[in-house]
Amino acid sequence: ETPAQEEAKEEAPANDLITVGFSQVGAESDWRVANTNSMKETLSEANGFKLIFADAQQKQENQIKAVRDFISQEVDVIVIAPVTETGWETVLGEAKDAGIPVIIVDRMINVTDQSLYTCWVGSDFYQEGVDAVKWLTEYMNGLGRGSENLNVAVLQGTIGSSAEIGRTKGVRDELSKYSNYKIVLEQTGEFTQAKGQEVMESFLKSGEKIDILIAQNDNMAFGAIDALKAVGKVPAKDVIIVSFDAVKAAFESMIAGDMNVSVECNPLHGPRVAELAKAIMEGKTVEKIQYVEEGVYPAETAAEIMPQRQY
Ligand code: AHR
C-alpha cells in the first residue's frame, strides 16, 4: 500500500460518522451545563458522531442562525434545545426542504405542521409543576399549617420557554384547588442565579408577606436563598423553598437546610439523542414524543440520595 492509500484507510471511519449540529440554549444554569456535558460526551467520535455545537446565549435569533449554518454545512441531523416554543416554522421549513431530520430536545416547540420535526424527547414540565404543589400542600399539612392563609411568590424561568409555560400552568392549576394559597408575586428570573437573587430582593422590598417561594429552577432558588439570608430571614423555615431540576448543588443546599424540595428535571439527554439519531440515519421510524422519568426529592431524603446523583 502506498502512504496515500494508508492515509485514506485511516481516514475512512471519519466518513461514517454521523454529523450532528446541536443548537443549545446557553449556559444559564447547572442543569444546562449538565445537559451540554451529556450531549458532548455521548455524541463523540468514539460513539460514531461528529458534533457541531452552537451556544445560543439564551437568544432564539442565535438559534435560527445556527440552524441555517447547519443546513449550509449539510449536517446529517439537526438537534435543537429551543429557547422558546414559538417562532420555528420558517427555519424548520428550510431544514425540511434540505431533507435534514430535526430532533427537538428538552423544551418543546409550538408548530402547526408536526412534520417540521422528526421527534422530541424531554420533560413533562406541566407535571413537574403539579408534583411540586402536591408535595408542598402535603408538607404544609404536615407542619400543621395546611389551612393557614399562605402567600406564594413565584420566580419564573425564561418567559415563553416550555419549562416556564408548563411549570407556571402546573403550579397554578394545582394551587387553584386550595382557596388558602395565593400567588402574590410572580416575575421572571430568567433561570439564572444572579437574576433570581435580584428579583427576590425586589420581592422582599415589596413588603408582601411571603410564606412560600416557588423557584422554577435551582439556580434561581440559590440566588433567592442568598437574598433571604441578606435580610436576616431563614430560608426553608421563614420562607418554604420549592425548586426544580434537582441538580447536585440543590442536594447540598437541602443538606445544609436551605431548601425544602427540588422536583427533578432530567438533563441527561445525550444517550437518548444518540440513539434517536442513529435510528433515524438507519431509516427506522422513531417514537414522535418521548417523556423522561422524573422524581421529587425532599430535603429529608437528600443526604441519602446525594451520592447516587449523576448531575
Ligand atoms: O428547560 C429546562 C430548564 O432550563 C431547566 O429547568 C433550567 O435550569 C434550564 O435553564
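So, here's what we can say about the structure. Keep in mind that this is a model prediction, so the values were computed, not measured.

1. Side note on the overall build of the protein
Across its full length, the protein carries 11 helices and 12 strands. A compact globule built from 311 residues would reach a C-alpha radius of gyration of about 19 Å, and the protein, at 22 Å, matches this within 12%. For the C-alpha atoms alone, the extent of the protein along its principal axes is close to 80 × 40 × 30 Å. Classification of the 311 residues of the protein by burial places 46% in the buried group. Long-range contacts, defined as pairs at least 24 residues apart, comprise 74% of the intrachain contacts of the protein with a sequence gap of at least 6.

2. A closer look at the pairing of strand β2 (residues 49-55)
Pairing analysis gives 7 bridges linking strand β1 (residues 18-24) to β2, with the strands arranged parallel. Bridge pairing in β2 links G21 to I52. Crossover handedness for the path β1 to helix α2 (residues 30-42) to β2: right-handed.

3. Details of the site of the ligand
Lining the immediate surroundings of the ligand are E28, S29, W31, R32, D106, R107, A163, F191, N217, F244, D245 and C265. Breaking the shell around the ligand down by element, the ones donating at least two residues are α2 and β9 (240-245).

4. Focus: the nonpolar core
Among the nonpolar cores identified, the biggest contains 48 residues, and I212, L213, I214, A224, I241 and V242 are the most heavily contacted of them. With 7 residues, helix α8 (residues 218-230) is the single largest residue contributor to this core. Sequence-distant contacts of A224, that is, excluding residues within four places in its chain, are made with L155, G196, Q197, M200, L213 and A215. Residues V67, W88, A95 and A274 belong to the second largest nonpolar core, which totals 35 residues.

5. Description of the sheet that holds strand β3 (residues 77-80)
Here we have 6 strands laid out as an open sheet, ordered β2-β1-β3-β4-β5-β11, and parallel in their pairing. Of all the strands in the sheet, the pair left with one neighbour each is β2 and β11 (289-291). Between one strand axis and the next, the sheet turns by 15° as a mean value, whatever way the strands run.

6. Topic: the sheet that holds strand β10 (residues 261-264)
In spatial order, the strands read β7-β6-β8-β9-β10-β12; together these 6 strands make up an open sheet with mixed pairing. Each edge of the open sheet carries a strand with a single partner, namely β7 (181-188) and β12 (296-298). Geometrically, the sheet is characterised by an average inter-axis angle of 20° between neighbouring strands, direction not taken into account. As judged from the 3 bridges shared by strand β8 (residues 212-215) and β9, these two strands associate in the parallel manner. Bridging from a neighbouring strand, L213 pairs with I241 of β9.

What counts as what
Residues numbered from 1 in each chain as written. Predicted model: local features only at pLDDT ≥ 70, side-chain atom pairs only at ≥ 80, totals over all residues. Helix = DSSP H or I, 4+ residues; strand = E, 2+ residues; numbered from the N terminus. Rg over C-alpha atoms; globule rule 2.2 N^0.38 Å. Buried ≥ 20, exposed ≤ 12 C-beta atoms within 10 Å, placed from the backbone. Contact = placed C-beta atoms within 7 Å. Pairing = 2+ DSSP bridges. Right-handed = clockwise from strand over helix to strand, strands pointing away. Near = placed C-beta within 6 Å. Core = buried A, V, L, I, M, F, W, Y, C linked by C-beta atoms within 7 Å. Axes fitted to C-alpha atoms, helices over the stretch in contact; angles between N-to-C directions.

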